[in-house]
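The lines below spell out each chain.
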Amino acid sequence: MSALYDSLMRFAAPEQLLRDEPMAAHTTFRIGGPADWMFFPESEGQVVAAMDAARALGVPVLVLGNGSNLIVRDGGIRGLVIALGERMSEVRVDGNVVSAQAGASLKRVAAAAQAAGLTGLEFASGIPGTLGGGCAMNAGAYGGQLSDSLVDARVLLDGAVRALTREEMQMGYRTTLPLRRGGIVLGARFALEPGDGAAILERMRELNARRREKQPLNFPSAGSVFKRPEGHFAGALIEQAGLKGASIGGAQVSPKHAGFIVNTGGATAADVLALIAHVQREVLRASGVHLETEVRIIGE
């Protein structure tokens, strides 16, 4: 892997690259073994260059945002993790258009819109993810989703950076073209409507209060674990199966919201995955519905 280090150091600084970095420090679940290498790019050009270097050396790559919809197994990740965070988090407002780089948190993007008196992203203020990851999976909450106001996104796809319109992004429920084809969202633009800043802020506070009331935000988690089955709610099915509060090791089905599995302290990825499998078996037995995971599960 010294060849990868040498390649990255041709265009980056040593402090941008970490070796054997624990993924538990970079996921909201606070679990996951070490990544061989973790790189923090400062520009789109560095992302492209890092991808090219890894491809030339046959090194596998994972692109990471806030790690909020992710379970990393205890063996960690072989290869290179490209972390899109604070070094690529610029947010700009031009008229009614909000532009942001991939590493900006959705909370920060929504706050910039509110400060400019623009409405349409209030739902995103409580989503614990970054713009890049959110766009890649068409994140949403409380009846809104990013595809509602997206103008276009800058995407690294098939080795080239392209601006894809909302139609070209093919955004569905928690899916997009980049997600399906391994593309990397580097930034995006949203066209919003003028509104009253105070009313927008009040709506954001209301949604976040509802989130705090219903979701176990006091424990590390990856958000909603399962996709919503057609005609059902995953949390309700899990509760009806008598699984609220069920636990394996440090992993627990939240007593507050059964759609969440939380880390009560010291949970391993093995604990979480065993509990997911247990929930799937019991829900299938009780209701005949197979729950599909919404979280990404990666690593060794």
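Predicted model only: the values in this text are computed from it and were never measured. Starting afresh in each chain, residues are numbered from 1 along the sequence in its written order. Under the rules for a predicted model, residues below a pLDDT of 70 receive no local features and side-chain atom pairs below 80 are neither given nor counted, while totals for whole chains, interfaces and linings still include all residues. Processing note: side-chain calculations cover all non-hydrogen atoms of the structure and skip hydrogens and water entirely.

### Considering the overall build of the protein chain
Inference 1: Only runs of H or I of at least four residues qualify as helices and only runs of E of at least two qualify as strands under DSSP, and these elements are numbered from the N terminus. Helix and strand counts for the protein chain stand at 9 helices and 19 strands.
Inference 2: For a compact globule the rule gives 2.2 Å times the number of residues to the power 0.38, and the radius of gyration it is set against comes from C-alpha atoms. Relative to the globule expectation of 19 Å for 300 residues, the C-alpha radius of gyration of the protein chain, 20 Å, shows essentially globular dimensions.
Inference 3: Each of the three principal axes of the protein chain carries a C-alpha extent, and together these read 55 × 50 × 30 Å.
Inference 4: Going through the 300 residues of the protein chain one by one, you find that 50% of them count as buried.
Inference 5: Contact between two residues is taken to exist if any of their heavy atoms lie within 4.5 Å; hydrogens are not considered. For the protein chain, the share of sequence-separated contacts (at least 6 apart) that also reach a separation of at least 24 residues comes to 64%.
Inference 6: Only the protein chains shown count as cover for residues, and all accessible areas are computed by the Shrake-Rupley method using a 1.4 Å probe. Summed over its atoms, the accessible surface of the protein chain is roughly 13300 Å², and 49% of this surface lies on carbon and sulfur atoms. Think of it in three bands: residues with accessible area under 20% of the maximum for their type are buried, residues over 50% are exposed, and the middle band is partly exposed, with areas taken using a 1.4 Å probe on protein chains only.

### Section: the sheet that holds strand β5 (residues 77-83)
Inference 1: Taken together, the 4 strands give an open sheet; going across it, the order is β1-β2-β5-β3, and neighbouring strands pair in mixed fashion. Looking along the sheet, the strands with just one partner apiece sit at the ends: β1 (17-22) and β3 (61-64). When strand polarity is set aside, the average angle formed by the axes of neighbouring strands in this sheet is 30 degrees.
Inference 2: In this structure, strand β2 (residues 34-39) lies alongside β5, joined through 4 bridges in parallel fashion. Each residue of the ladder has a partner; that of alanine 35, found in β5, is isoleucine 77.
Inference 3: On top of the sheet, helix α2 (residues 44-57) reaches β2, β3 and β5; it is set at about 165 degrees to β5, its chief contact. Two strands qualify as a pair provided that DSSP identifies no fewer than 2 bridges between them. A fitted line through C-alpha atoms serves as each axis, taken over the contacting stretch for helices, and the angle formed by two N-to-C directions is quoted from 0 to 180°.

### Points about the packing of helix α3 (residues 106-115) against helix α7 (residues 197-214)
Inference 1: α7 packs onto α3 with a crossing angle of 150 degrees between their chain directions and a minimal axis gap of 8 Å. Taken as axis vectors, α3 and α7 run roughly antiparallel relative to one another. On the side of α3, the interface is formed by Ala110, Ala111 and Gln114, while α7 contributes Gly197, Ile200, Leu201 and Met204.
Inference 2: Ten residue types, Ala, Val, Leu, Ile, Met, Phe, Trp, Tyr, Cys and Pro, are classed as nonpolar, four, Asp, Glu, Lys and Arg, as charged, and the remainder, Gly among them, as polar. For the contact of α3 with α7, the per-class residue count stands at 5 nonpolar, 2 polar and no charged. An angle below 35 degrees is treated as roughly parallel, one above 145 as roughly antiparallel, one from 65 to 115 as roughly perpendicular, and anything else as oblique.

### What to know about the pattern of salt bridges
Inference 1: A side-chain nitrogen of Lys or Arg and a carboxyl oxygen of Asp or Glu constitute a salt bridge if their distance falls within 4 Å. Scanning all chains against the criterion turns up 12 salt bridges.
Inference 2: Its salt-bridge partner being aspartate 36, residue arginine 78 comes within 3.0 Å of it at the nearest N-O pair. Taken together, the positions of arginine 78 in strand β5 and aspartate 36 in strand β2 put the pair 42 residues apart, joining distant regions of the chain.
Inference 3: Note on aspartate 36: relative accessible area 16%, which makes it buried.

### Quick look at the nonpolar core
Inference 1: By nonpolar core we mean a set of buried residues, namely Ala, Val, Leu, Ile, Met, Phe, Trp, Tyr and Cys, connected to one another through side-chain atoms within 4.5 Å. If you look at the biggest cluster of nonpolar residues, it comprises 36 residues, and the most contacted ones within it are Leu121, Cys135, Leu146, Met169 and Phe190.
Inference 2: At the level of secondary structure, the elements contributing two or more residues to this core comprise β7 (97-101), α3, α4 (131-136), β11 (150-157), β13 (184-191) and α7.
Inference 3: Considering every element that reaches this core, the biggest residue donor is α3, with 5 residues.
Inference 4: Residues within four places of phenylalanine 190 in sequence aside, it is in contact with Asn96, Val97, Val98, Leu131, Cys135, Leu146, Ser149, Leu150 and Val151.

### A word on the sheet that holds strand β6 (residues 91-94)
Inference 1: Spatial ordering of the open sheet is given by β6-β7-β13-β11-β12, a layout of 5 strands whose pairing is antiparallel. The two strands at the open ends of the sheet, each matched to only one other strand, are β6 and β12 (160-165). On average, adjacent strands in this sheet sit at an angle of 15 degrees to one another, irrespective of strand direction.
Inference 2: As paired strands, β11 and β13 are joined by 6 bridges and run antiparallel to one another. Across the sheet, valine 155 pairs through a bridge with valine 185, a residue of β13.
Inference 3: Sitting on the sheet, α3 touches β6 and β7, and the angle it makes with β6 is about 25 degrees.

### Brief notes about α7
Inference 1: Take the number of residues in a helix, subtract one, and multiply by 1.5 Å to get its expected span. Over its 18 residues, α7 runs 26 Å from end to end, which matches the ideal 26 Å to within 8%, given 1.5 Å per residue.
Inference 2: Those residues of α7 lying buried are Ile200, Met204, Leu207, Asn208 and Arg211. For α7, the angular spread of buried residues about the axis comes to 95 degrees, placing them on one side. Those residues of α7 that are exposed and aimed more than 90 degrees away from the buried face are Ala198, Arg205, Arg212 and Glu213.
Inference 3: Buried residues along α7 sit in contact with α3, β8 (118-119) and β9 (140-141). As used here, the arc is the angular range of directions from the helix axis to the C-beta atoms.

### Section: α3
Inference 1: Within α3 the residues assigned to the buried category are Leu106, Val109, Ala110, Ala112, Ala113 and Gln114.
Inference 2: Where the residues of α3 are buried, they touch β6, β7, β8, α4 and α7.
Inference 3: At the exit of α3 stands glycine 117, carrying a positive phi of roughly 70 degrees.

### Overview of the environment of glycine 187
Inference 1: Residue placement: glycine 187 occurs in strand β13.
Inference 2: Leaving out residues up to four positions away in the same chain, glycine 187 has contacts with Ala100, Gln101, Ala102, Leu131, Ala153 and Arg154.

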